[in-house]
Amino acid sequence: MAEVSLSRVRKVYPGGVEAVKDIDIAIPDGALCVLVGPSGCGKSTLLRMIAGLETITEGDCRIGAGRVNDLDPSDRDIAMVFQNYALYPHMTVYDNMAYGLRNRGTPKDEIEARVQEAARILEISPFLDRKPRALSGGQRQRVAMGRAIVRKPQVFLFDEPLSNLDAKLRIQMRVEIKKLQRALGVTSVYVTHDQLEAMTLADILVVMSKGHVEQQGSPLDLYEKPASTFVASFIGAPPMNLIPVGAGENGPQAPGLTGGRGLAVPAGGATLGVRPEHMIVATGPVPDDALGITFPVSAVEAVGAETFVYGPIGGTGQEIIARLPGKALLAPGTPVSVAAAAEHLHLFATDTGKRLGP
Amino acid sequence: MAAQLDTPMTKSVRRDWVPHLVIAIGIFITAFPLWVAFVASTLSNPEIAQAPMPLLPGDRAAANYGEALWQGGRSGRIMTPPVWEMMFNSTVMALSIAVGKIIISILSAYAVVFFRFPFRMAFFWMIFITLMLPVEVRIVPTIQVITNLNMMNTYAGLTIPLIASATATLLFRQFFLTIPDELVEAAKIDGAGPMKFFRDVVLPLSVTNIAALFVILFLYGWNQYLWPLLIGTDARMQTIVIGMSKMIDSAGGPTDWNMVMATAILALLPPVLVVVLMQRWFVKGLVETEK
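Here is what the cut-offs are and how they apply
- Residues numbered from 1 in each chain as written.
- Chains lettered and ligands numbered in written order.
- Predicted model: local features only at pLDDT ≥ 70, side-chain atom pairs only at ≥ 80, totals over all residues.
- Heavy atoms only, no water.
- Helix = DSSP H or I, 4+ residues; strand = E, 2+ residues; numbered from the N terminus.
- Buried < 20%, exposed > 50% of the residue type's maximum accessible area, 1.4 Å probe, protein only.
- Contact = heavy atoms within 4.5 Å.
- Areas by Shrake-Rupley, 256 points an atom, 1.4 Å probe, with all protein chains shown as cover.
- Lys, Arg positive; Asp, Glu negative; His and termini not counted.
- Charge placed at Lys NZ, Arg CZ, Asp CG, Glu CD.
- Phe/Tyr/Trp six-rings, centres within 6.5 Å; stacked < 30°, edge-to-face > 60°.
- Pairing = 2+ DSSP bridges.
- Axes fitted to C-alpha atoms, helices over the stretch in contact; angles between N-to-C directions.
- Parallel < 35°, antiparallel > 145°, perpendicular 65-115°, else oblique.
- Nonpolar A, V, L, I, M, F, W, Y, C, P; charged D, E, K, R; others polar.
- Disulfide = S-S within 2.5 Å.
- Polar contact = N/O pair within 3.5 Å; in protein donor to acceptor, adjacent residues only side chain to side chain.
- Core = buried A, V, L, I, M, F, W, Y, C linked by side-chain atoms within 4.5 Å.

1. Examining the overall build of chain A
If you tally the helices and strands in chain A, you get eight helices and 22 strands. The buried share of chain A, reckoned over its 358 residues, is 51%. Within chain A, residue pairs in contact and separated by at least 24 positions form 65% of the contacts whose partners lie at least 6 positions apart. Surface summary for chain A: the accessible area is close to 15,600 Å², and the carbon and sulfur share equals 53%. The distance from the centre of the 36 positive side-chain charges to the centre of the 38 negative ones in chain A is 5 Å.

2. Section: the packing of aromatic side chains
Centre-to-centre distance and the angle between the planes together describe a pair of aromatic rings. All names here are of chain B. One pass over the full model with this rule turns up 22 aromatic pairs over all chains. When the ring of Phe-88 is compared with that of Tyr-155, the centres are 6.5 Å apart and the planes differ by 75 degrees; the resulting orientation is edge-to-face. Remark: Tyr-155 occurs in helix 7 (residues 155–163) and Phe-88 occurs in helix 4 (residues 83–114); sequence separation between them is 67 residues. Its relative accessible area of 47% is what places Phe-88 among the partly exposed residues.

3. Remarks on the sheet that holds strand 4 (residues 58–63) of chain A
Residue and element names in this part refer to chain A. The four strands lie next to each other as 2-1-4-5, forming an open sheet whose pairing is antiparallel. Of all strands in the sheet, those bounded by a partner on one side alone are strand 2 (18–27) and strand 5 (66–67). Sitting on the sheet, helix 1 (residues 43–51) touches strand 1 (4–12), strand 2 and strand 4, and the angle it makes with strand 1 is about 115 degrees.

4. Concerning the packing of helix 10 (residues 194–205) of chain B against helix 11 (residues 207–222) of chain B
What describes two packed helices is the angle between their axes and the distance between those same axes. Residue and element names in this part refer to chain B. Running from amino to carboxyl end, helix 10 crosses helix 11 at an angle of 55 degrees, the nearest separation of the two axes being 4 Å. Relative to helix 11, helix 10 is oriented oblique. Along the contact surface, helix 10 presents Leu-203, Pro-204 and Leu-205, while helix 11 presents Val-207, Thr-208 and Ile-210. When grouped by side-chain class, the residues that make up the contact of helix 10 with helix 11 number five nonpolar, one polar and no charged.

5. A look at the state of the cysteines
By definition, a disulfide links the sulfur atoms of two cysteine residues through a covalent bond. Residue and element names in this part refer to chain A. For the structure on display, the rule yields zero disulfides over all chains. Cys-33 provides the cysteine sulfur closest to Cys-41, a residue in no disulfide bond, and the two sulfurs are 12 Å apart. Of the residues examined, Cys-41 reaches a relative accessible area of 1% and is grouped as buried. Among the cysteines around Cys-61, which has no disulfide bond, Cys-33 carries the closest sulfur, lying 12 Å off. When its relative accessible area of 0% is taken as the criterion, Cys-61 is described as buried.

6. Observations regarding the side chain of Thr-263 of chain B
All names here are of chain B. Looking at where Thr-263 falls in the secondary structure, it is placed in helix 14 (residues 257–287). In this structure the side chain of Thr-263 is engaged in a polar contact, spanning 2.7 Å, whose partner is the backbone oxygen of Met-259. Those residues in contact with Thr-263 that lie beyond four places of it in its chain are Ala-68, Val-83, Met-86, Ile-240, Met-244 and Met-247.

7. Here we look at the nonpolar core
Counting 83 residues, the largest nonpolar core has Ile-25, Leu-46 and Leu-157 of chain A together with Phe-114 and Phe-176 of chain B as the members making the most contacts within it. Considering each element in turn, this core owes the most residues, eleven residues, to helix 4 of chain B. Residue contacts for Leu-46 of chain A: discarding those within four places in its chain leaves Leu-6, Val-9, Val-20, Ile-23, Ile-25, Leu-35 and Met-208 of chain A. In this structure, Ala-119, Ile-124, Leu-128 and Leu-135 of chain A belong to the second largest nonpolar core, which totals 46 residues.

Below, the structure written as structure tokens:
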């Protein structure tokens, strides 16, 4: 077991493309850190740098006490689960799991014991003699996990391990990965582009964009206090409504908006953020410090437990989404007034997208 | 309705016999010369000379094949060595070429695909353009080199110049490119070095390709004519393909056609054996898309 720390890590490819810019992340022993971001944000590159599959241009990567920048992947005491599983197609499940151990000169009976143990945990004991091609996607995924477990590494690295599974299996495996990681207590780094997967798995969530860290912290911190419009729109589904507002006498000013007193909008205007799920239908007058939005309903999606209401606000044509509990019976075309409490309002700078205020 | 009902039957009958007839004709055209050769190899020379030649096997099969295999042929004043000697030469040559080509080309393809070294692509293209230099084109300089190295009338001289193979390198390269990068990386993390990865992963995955190539290259080696003709000046170094042509060619002298035919049939056997034994692998190697 070990903590993983990255300090001022950069990756510049030959040709000058800077894939990872100056990243500092510290992952405590036994924690699961999720790197999330859109494709091309450098999250996989960062993971591969920890694995030793990519060189580190600058900065230090430490696993436990030692700096591992110059170690071969096999000497870093890590195990990696790949998106396409990367099982050896000509080896049986047993051999796939045992291969790494054999290369390390682990005694035969020890290998046997570890593989059987991993197979028991992952419930793949009946398949040990099969070749990967005779397994389903979910089973292959388990074998890939097994190959990582038997090594008893200091760090698990997951590179979008659930992307090739269907939706139902993905949720099931997500829960299992979390349980397994807890049970084994191995420090893990997990890369995904799925924000829901990221939210549910992470102890530490790192949102990346264009090679740098937008924000890191506990998933709920990121949800409640997004540091930028990027994080605000990336975490949470449907994404946070971002409304450009001007500075009024007592708060934000925009067509269709009322209230919001107490929000310190700078003179040049700002971006107001409010999550769809924090809106409720306003039945009476909206308190001064809460935000009131009136807009014509353009579309309604009722999914049973909740209803998504879409509509353009104040002539700008910008669409906002409200996520209302239960079956809100609203007809397209009719106007609706919604309100959001003061503590659910976020303000971001227009130019940088950074959070303003607490 | 009735007419419509019985058309499918008529059609299916026709559908059955037309292709069969075509196939039968095809087989007849292909197999007939082989049959004639076989029949001729069981007759005596005067029997072959009569017109028309009998189309049923004669009674001299054992005698003819025995004589061809162990005593060697004679046409005019030219003596040819016993067939078993020539077949041995041919086998050594075909096997060396096939095995040598596979070893050289799989290693060079492995280097070109999995390693990053300076001028990697330049080396690949250098190998690639040798496709434009078949034996026939470079035969004069190659002969000179072999002579200077004192490799005339040796197995080394017979096989080494034919071993380098751009085609096989290309084939292996294309196959290696289909091996996903993640597999290489997984092996790195599993602690497998380059040669270990080659032995434990690449080689087992290439088995079907190797088998397919082996068949093709064995036939290529077995059928070589020009190169062994120039290198094997000594009768003891003759391959069977050369030997056979020498049995026929004699300035107007009588040719022992039954001996020639027996030799031809014997010369056919090893390639046929290789194809039959390796057919399953061969087809798999050519059609397999699974990684």
